[in-house]
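Notes for the structure review
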Amino acid sequence: MTTLDWSARLDAVCEVAARHADDVDRQARLPSEALSELRRQRLLAVPVDGAARRRALPAAVAACDRIAQACASTGLIFAMHHAQAASLMAGFEATPGRARFMDRIAAGEFLLASSTTEGRGGDIRKSDCFVQRRDNGRIAVAREGAVVSYAAAADGILLTAREDEAAPASRQVMVLLLREQLQLAMRGGWDAFGMRGTASCAYAIEGEANADHVSDVPFAGILQDTMLPLSHLLWSACWIGIARGAARKAARYLRERLPPDNPRAAPAARRLDEAWRDVASAEALLAACLGRHLREGGANLASALEGQWEFNHLKVRVSEAAVRAVRQAADVCGLDGYRNDGPFAMGRHLRDSLSSLYMLHNDRIAAAMMESQNALGDRFRRELPLEAAHG
């Protein structure tokens, strides 16, 4: 696909997403129209080949930004799908028996959701459920308390489970269950403050599939090398897109509603400048992290403590900058931004931006960063020559 073709297809998705974004937010419903357009435009495609996936990553990051400007829920779904699909491609060897689902993902015909937590307060590195291995070459999985975003629209769910019943909670694999192979029983709804269109409801999940629907690579490796870096890169692009969309709306308000002789014009312009500075700083941080990820081989960077710290740092700093930028943009629009019934409404942008702080809580990320810093300090001290360690 050429750059021009990709851009035109992305424009079509963004137009549909923007047209329905307010209704998606009001009704807390899936952005079904935008998801249908993503399928139609084949923008859900993720290459099987690892080198091709890496080449496609900058375009996926840019797409998250653009889609989130139109509809944050659609942008986040797009980001989650791409991170999960890349994780599947990285963790499952391409074999003839797997062609039936790998080809659909590579062609952009397949929307993939994930379930990586269950009743453990969001600890994705541990699982209660396990892979039940049958004598006939089949496997089964059953789990409770699973939060699954956009499950009703997904063609399959990639979930984590213990390798078998005897395995400890941390020895996990990934299991792909296609729509026709699983049963979902809703255990809780999704009436959230923001990102209302992601429909991140709680479910009980049961499913059965062939044994080749279990990953060849342990989940710990998939998480470290693929899921963690891609999730932070793609999600960060969504936060930036929300902030950019709010700043553009504020800029339009400044042009159309605040002539230079208005006493609010000068302070509003300063607020807008501050918003754009936050967007620019977040964008620069994302570009630097993406560039290093691509230069240093992706997995090699993520596997290093320095790399894990950098991705966590990216998530925390970009989310904080995005919230600040949206708040500044809302201040520009004043009461017109506070109202929900006008062209300059900022409520959806404000609420969606706050999800960046809480859907994966910054406090938890900060604790992980502190652990990484301590580990880096310990390793640095171990690697110093003895005379240097003693000054």
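Before reading on, note that the structure itself is shown above.
Everything in this summary refers to the structure shown in the same document. What you see is a predicted model; the values in this text were computed from it and never measured. (Residues numbered from 1 in each chain as written. Predicted model: local features only at pLDDT ≥ 70, side-chain atom pairs only at ≥ 80, totals over all residues. Heavy atoms only, no water.)

Quick notes on the packing of helix H3 (residues 50-70) against helix H7 (residues 265-295)
One can describe the packing of H3 onto H7 by two numbers: an axis separation of 10 Å at closest approach and a directional angle of 170°. Between H3 and H7, the crossing angle belongs to the class labelled roughly antiparallel. Packed against H3, whose contacting residues are Arg-54, Leu-57, Pro-58 and Val-61, the element H7 presents Leu-286, Leu-290, His-293, Leu-294 and Arg-295 at the interface. Tallied by class, residues from the contact of H3 with H7 come to 6 nonpolar, 1 polar and 2 charged. (Axes fitted to C-alpha atoms, helices over the stretch in contact; angles between N-to-C directions. Helix = DSSP H or I, 4+ residues; strand = E, 2+ residues; numbered from the N terminus. Parallel < 35°, antiparallel > 145°, perpendicular 65-115°, else oblique. Contact = heavy atoms within 4.5 Å. Nonpolar A, V, L, I, M, F, W, Y, C, P; charged D, E, K, R; others polar.)

Concerning the sheet that holds strand E3 (residues 138-148)
A sheet is described by the order of its strands in space; here 4 strands give the open sequence E2-E3-E7-E6, paired in antiparallel fashion. At either margin of the open sheet sits one strand with a lone partner, and together these are strand E2 (132-133) and strand E6 (182-188). Relative to E3, E2 runs antiparallel, the two sharing 2 bridges. For Arg-133, the partnering residue across the bridge sits in E3 and is Ile-139. (Pairing = 2+ DSSP bridges.)

Focus on the packing of helix H4 (residues 72-91) against helix H5 (residues 99-106)
Axis separation between H4 and H5 bottoms out at 11 Å; the angle between their running directions is 140°. The angle between H4 and H5 places the two elements in the oblique class. The two elements H4 and H5 cross, and the hand of that crossing is left-handed. Touching Ala-85, Leu-88 and Met-89 of H4 are Phe-101, Met-102, Ile-105 and Ala-106, all from H5. Across the contact of H4 with H5, the residue classes break down as 7 nonpolar, no polar and no charged. (Left-handed = near helix turned anticlockwise from the far one by under 90°.)

What to know about the pairing of strand E5 (residues 172-178)
With respect to burial, E5 is a largely interior element, 7 of its 7 residues being buried. Here E5 shows a buried face lined by Gln-172, Met-174, Leu-176 and Leu-178 and a second buried face lined by Val-173, Val-175 and Leu-177. Two strands pair when backbone bridges link them, and strand E4 (residues 156-162) and E5 are joined in this way by 7 bridges, in the antiparallel orientation. Within E5, the residue paired with Ala-161 across the bridge is Val-173. (Buried < 20%, exposed > 50% of the residue type's maximum accessible area, 1.4 Å probe, protein only.)

Some thoughts on the pattern of salt bridges
If you walk through the whole model with that rule in mind, you get 29 salt bridges. When the shortest N-O distance is used, the salt bridge between Asp-5 and Arg-9 registers 3.3 Å. Of this pair, Asp-5 and Arg-9 both sit in helix H1 (residues 3-27), 4 residues apart, which is roughly one turn of the helix. Residue Asp-5 is classed as partly exposed on the basis of its relative accessible area, which comes to 29%. Classification of Arg-9 by relative accessible area gives partly exposed; the value is 24%. Notably, a salt bridge pairs Asp-341 with Arg-339, separated by 2.7 Å at the nearest N-O pair. Because the salt bridges share partners, they merge into one network encompassing Asp-23, Arg-26, Arg-29 and Glu-33. (Salt bridge = Lys/Arg side-chain N within 4 Å of Asp/Glu carboxyl O.)

Structural notes on the environment of Ala-140
Among the structural elements, Ala-140 can be located in strand E3. With a relative accessible area of 5%, Ala-140 lands in the buried category. Between the C-alpha atom of Ala-140 and that of Leu-182, which follows or precedes it by 42 residues, the distance is 9.6 Å. Non-local contacts of Ala-140, meaning those with residues more than four positions away in its chain, are made with Phe-130, Val-131, Gln-132, Arg-134, Gly-207 and Glu-208.

Considering the packing of aromatic side chains
Taken as a whole and assessed by the stated rule, the structure comprises 3 aromatic pairs. Look at Phe-92 and Phe-101: their rings are 6.4 Å apart centre to centre, the planes differ by 85°, and that puts the pair in the edge-to-face class. You'll find Phe-92 and Phe-101 in the same group, each marked buried. Ring geometry for Trp-235 and Trp-239: centres 5.8 Å apart, planes at 85°, overall edge-to-face. With Trp-235 and Trp-239 both in helix H6 (residues 219-257), this residue pair falls 4 residues apart, about one helical turn. Residue classification places Trp-235 among the buried residues on the basis of a relative accessible area of 16%. (Phe/Tyr/Trp six-rings, centres within 6.5 Å; stacked < 30°, edge-to-face > 60°.)

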